[in-house]
Structures are given as C-alpha cells and as structure tokens.
Amino acid sequence: MKLFSDIGEFLRTLNFVDIVFFFAVLILMVLIVTLIYFIRINNDEEPKDKLEETAEMKIAREIQENLGKEENNVKFTEYERDQEDKAIISYDELLNKGNNYSLNYEAEEMKDDVSIKKVNLDDLVNKSGEASPKVDVRVISFAKEEAFLQALKQLQKELG
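Residues numbered from 1 in each chain as written. Predicted model: local features only at pLDDT ≥ 70, side-chain atom pairs only at ≥ 80, totals over all residues. Heavy atoms only, no water.

In this structure the tally under the stated criterion is three salt bridges. Note that Arg61 and Glu65 form a salt bridge whose closest N and O atoms lie 3.4 Å from each other. In this pair, Arg61 and Glu65 are both assigned in helix 3 (residues 55-67), four residues apart and thus about one turn of the helix distant. Taking the relative accessible area as the measure of exposure, Glu65 reaches 48% and is therefore partly exposed. For Lys118, the salt bridge identified is with Glu106, shortest N-O distance 3.6 Å. On the criterion of sequence distance, the pair formed by Lys118 in strand 3 (residues 114-119) and Glu106 in strand 2 (residues 105-111) is long-range, its members being 12 residues apart. (Salt bridge = Lys/Arg side-chain N within 4 Å of Asp/Glu carboxyl O. Helix = DSSP H or I, 4+ residues; strand = E, 2+ residues; numbered from the N terminus. Buried < 20%, exposed > 50% of the residue type's maximum accessible area, 1.4 Å probe, protein only.)

Below, the discussion takes up unusual backbone geometry. For Asp112, which is not glycine, the phi dihedral falls at a positive 50°. The residue Asp112 is located in the loop between strand 2 and strand 3 in this model. Here the phi dihedral of Asp113 falls at roughly 60°; this positive angle occurs in a residue that is not glycine. Relative to the elements of secondary structure, Asp113 occurs in the loop between strand 2 and strand 3.

With that out of the way, let us pick up a nonpolar patch on the surface. A contiguous nonpolar surface patch, about 420 Å² in accessible area, is contributed by Leu3, Ile7, Phe10 and Leu11. Among the secondary structure elements, Leu11 is positioned in helix 1 (residues 2-13). Taking relative accessible area as the criterion, Leu11 reaches 45% and is therefore assigned partly exposed. (Patch = residues over 30% accessible without salt bridge, like charges linked within 9 Å, V, L, I, M, F, W, Y side chains within 5 Å. Areas by Shrake-Rupley, 256 points an atom, 1.4 Å probe, with all protein chains shown as cover.)

Once that is clear, we can look at the pairing of strand 3. Two strands pair when backbone bridges link them, and strand 2 and strand 3 are joined in this way by six bridges, in the antiparallel orientation. Across the sheet, the residue bridging to Glu108 is Lys117, located in strand 3. Counted between consecutive antiparallel strands, the loop separating strand 2 from strand 3 contains two residues, among which Asp112 sits at a positive phi close to 50°. (Pairing = 2+ DSSP bridges.)

As structure tokens, this is what we get:
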C-alpha cells in the first residue's frame, strides 16, 4: 500500500506543465509502437513483382492472347452474312460498287461557257456488259411542284 501512496505523493508534487509533458511523451511512445507494428505487418506480406492488374489491363491481355487464334466466335445468320458481304466499308468500295452504269447523252449544248447535256434515262449504258435496268422516272409538272412548295411553306407557318 505504501507504493500507491508514494505514487500519489509524486503526482501531487508535479505541476501542470510536467503532467502535460508526461502524457505527451506517453502518447508519443504509443504512436511509435503502433507505427512499428504496421511496418512489420506490411513487410510480412509477400512482395508483389508485378502491379495489380486492373480490369482494363485484363481485357487488353485477353485480346492480345486471342488475336493469334483464327477461330471465328461470332455465329452469323444467313441474313447477317449477306449484309456483311454487301456492306460498303470504304469510300473506294462505294465508288467501285456504285459505278456500274454510265449515262447516255442525247444532246449537248453550250450556253455561256456551261455545258448542258440531255440525258437519255431510257437507255443507260452498263459497264459490266449486263442488260441495263429500266428506270421509272416520274416527273411532276412545275405547277404541281410550286403548289407543293406553297403547301409546305403554309404548314411551316402554322407549326412555327
């Protein structure tokens, strides 16, 4: 019991600054011990030679692995295969596919340095040698076209 009375007498002799300093040192010692504990925990783990692989890195790795394989994993229906075969991918393909016919001109006039050519739509020239298709040309009269334009303008006024 004398021990507790000696400790109490010792604490009564200390002033406020000594008590604050004592507790500050005690807290500092606890923080150092916890820091050492965390350092040892992190060092105990196995060292990782490579960085953790993210989802994007995993996808890129799988793509690179699968590039060498010649398998076609996509199963097309007949319609999809037909559409894929007929698809135009580049501008050059568009020009090559769409340039099967040339125009057949009936007459040519020069007016003010402008060449005006009359086209014969009934007799198109096929470059591949196949029979030319018949084109159904429907032309409306100028009066009907003007009436249609006026109706569109009226509709636009009513809507806006």
